[in-house]
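What follows is the residue order along each chain.
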Amino acid sequence: MTTYWCEWAWLPQGPQPGVRFEVEHGRITAVAVDVPAGGAVQLPGMVLPGLANAHSHAFHRALRGWHTGARGTFWTWREQMYQVAAALEPDSYYRLARGVYAEMALAGITCVGEFHYLHHAAGGTRYAEANAMGEALAQAARDVGIRLTLLDTCYLAGGFGRDLEGVQLRFSDGDAASWVSRVDEFTVDERIRLGAAVHSVRAVPDAAIPEVAGWAHGRPLHVHLSEQRAENEACLAAHGCTPTQLLESHGALGPDTTAVHATHLSAGDVALLGGSGTGVCLCLTTEADLADGIGPAPQLRVAGSPLSIGSDGHSVIDPFAEVQAIESYQRLATETRGHFAAGDLLDAAAEAGHRSLGWTDAGRLEVGARADFVAIDLGSTRLAGAAPEAVPAVARADDVREVIADGERIVHDRAHRAVDTARELRDAIADLRVLGARIS
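Remember, it's a predicted structure, so these values are computed and weren't measured experimentally.

### Details of unusual backbone geometry
Most peptide bonds adopt trans geometry, and most residues besides glycine take a negative phi value. In this structure, H261 is a non-glycine residue whose phi angle is positive, near 85°. Along the chain, H261 falls in strand β10 (residues 257-261). Given the relative accessible area of 1%, H261 is considered buried. The backbone phi angle of A262 is positive, close to 50°, even though this residue is not glycine.

### Quick word on the domain arrangement of the protein
Taken domain by domain, the protein consists of domain 1 (2-49 + 370-416) and domain 2 (51-357). On a C-alpha basis, the centroid separation for the pair domain 1 and domain 2 is 29 Å. The interface of domain 1 with domain 2 comprises 25 residues on the first partner and 26 residues on the second. A per-residue breakdown of the area domain 1 buries against domain 2 is headed by R370, P392 and H416, which together make up 26% of the total. Linking domain 1 to domain 2 there are four salt bridges. Between D406 and R191 there is a salt bridge; the shortest N-O distance is 3.1 Å.

### A look at the side chain of T110
With respect to the helices, strands and loops of the structure, T110 is situated in strand β6 (residues 109-116). The buried category is assigned to T110, whose relative accessible area is 0%. At 3.1 Å, the side chain of T110 and the side chain of D372 are in polar contact. Those residues in contact with T110 that lie beyond four places of it in its chain are G50, L51, I146, R147, H354, D372, V403, I404 and A405.

### What to know about the packing of helix α2 (residues 90-106) against helix α3 (residues 132-144)
Orientation of α2 relative to α3, taken along the N-to-C sense of each, is 35°, at an axis distance of 8 Å. Considering only the axes of α2 and α3, their crossing is right-handed. For the pair formed by α2 and α3, the contact residues are P90, Y93, Y94, A97, R98, Y101, A102 and A105 on the first element and A132, M133, A136, L137, Q139, A140, A141, D143 and V144 on the second. Taken together, the residues that form the contact of α2 with α3 break down as 14 nonpolar, one polar and two charged.

The rules we used
Residues numbered from 1 in each chain as written. Predicted model: local features only at pLDDT ≥ 70, side-chain atom pairs only at ≥ 80, totals over all residues. Heavy atoms only, no water. Helix = DSSP H or I, 4+ residues; strand = E, 2+ residues; numbered from the N terminus. Buried < 20%, exposed > 50% of the residue type's maximum accessible area, 1.4 Å probe, protein only. Domains from an automatic or database assignment. Contact = heavy atoms within 4.5 Å. Buried area = accessible area lost by both parts, 1.4 Å probe. Salt bridge = Lys/Arg side-chain N within 4 Å of Asp/Glu carboxyl O. Polar contact = N/O pair within 3.5 Å; in protein donor to acceptor, adjacent residues only side chain to side chain. Axes fitted to C-alpha atoms, helices over the stretch in contact; angles between N-to-C directions. Left-handed = near helix turned anticlockwise from the far one by under 90°. Nonpolar A, V, L, I, M, F, W, Y, C, P; charged D, E, K, R; others polar.

Following this line, the structure appears as structure tokens:
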């Protein structure tokens, strides 16, 4: 048993001073409030539950900082992303993902949902180990010490009525049955779980959606939804309905489903998502980077959709920046303050995110939960004078000092215990460029 003492800790009832946790086998077994430290291991500042990154594309991290001044849209950016996807193989993907996941750990993230569609070798040829790319991601997460939900993604078309072309062939299993066959071969363990994803209604023909949703029954099911207006317009032209309506008609909405982005929704779409209990993962820094727009977060919450967050394209890996943008973007859109309280923001970054990835025993600090602790430095220049209860609305990733995941310390004094994160990322991205990914 290990005992930890926290100057402050954010319990389900809110911030509490002088909190002692007893931990055995990676679980919290006892909690005491307003007690002295005694001989416990001390965690500084405000201790939050582990944070969840509900939407990641690890290989997008290689694009950070390129073309920051170039004009364009999501669709022009996508061509650059495809260049990176074309160069990756299992070994290089492992090295890149290990750096990306270590960067997440430094930011307080103890669990990630990897929206994984880079499955096969060039031309769509299967690797000898059919899930070699997914296994590379899983091993990277193990080595970093965070949990992973691999959201294995079905990707069958290049658009509505369009064949796959170029690097998209690496994404596809050909049909939904072949996707199921491959996914069933993936190995899970105590810290690696498996979910599913419909890449989007433009990349999965509507006849295949029920098969993917059926396989995912009881598991997390994620889907890119209405990220761009062009997707909505194309879906209306092809099916006479919105992407949300199409998913609903094929039984793909519900409490186990998370719609990613959900930026351009009609009032009817919001009602369908909320009424079915479908979660929504907001990726605010990516949506800003790609000029996607601002989604209806307050309306979704009122309608009944739990909100989570993801770093998606990794223009920034900072869960605090993501949740703070939920509030700040709504202020810009409505010219009104006060849409989300600090506790609401923490829920999106912690418990709701974990739930969306199938980890219902994480994201909160209570008896029986996984022992994930994120210690925030209250003595930083940024947080000087801020009330403890304001931390989720004020802190940033570089205020994280210590991270414990499943009872194991993975970050100490702002450094990862096993990975030289900056060097790992620099070397992995440089190697990709040598291999032929011309991010230009």
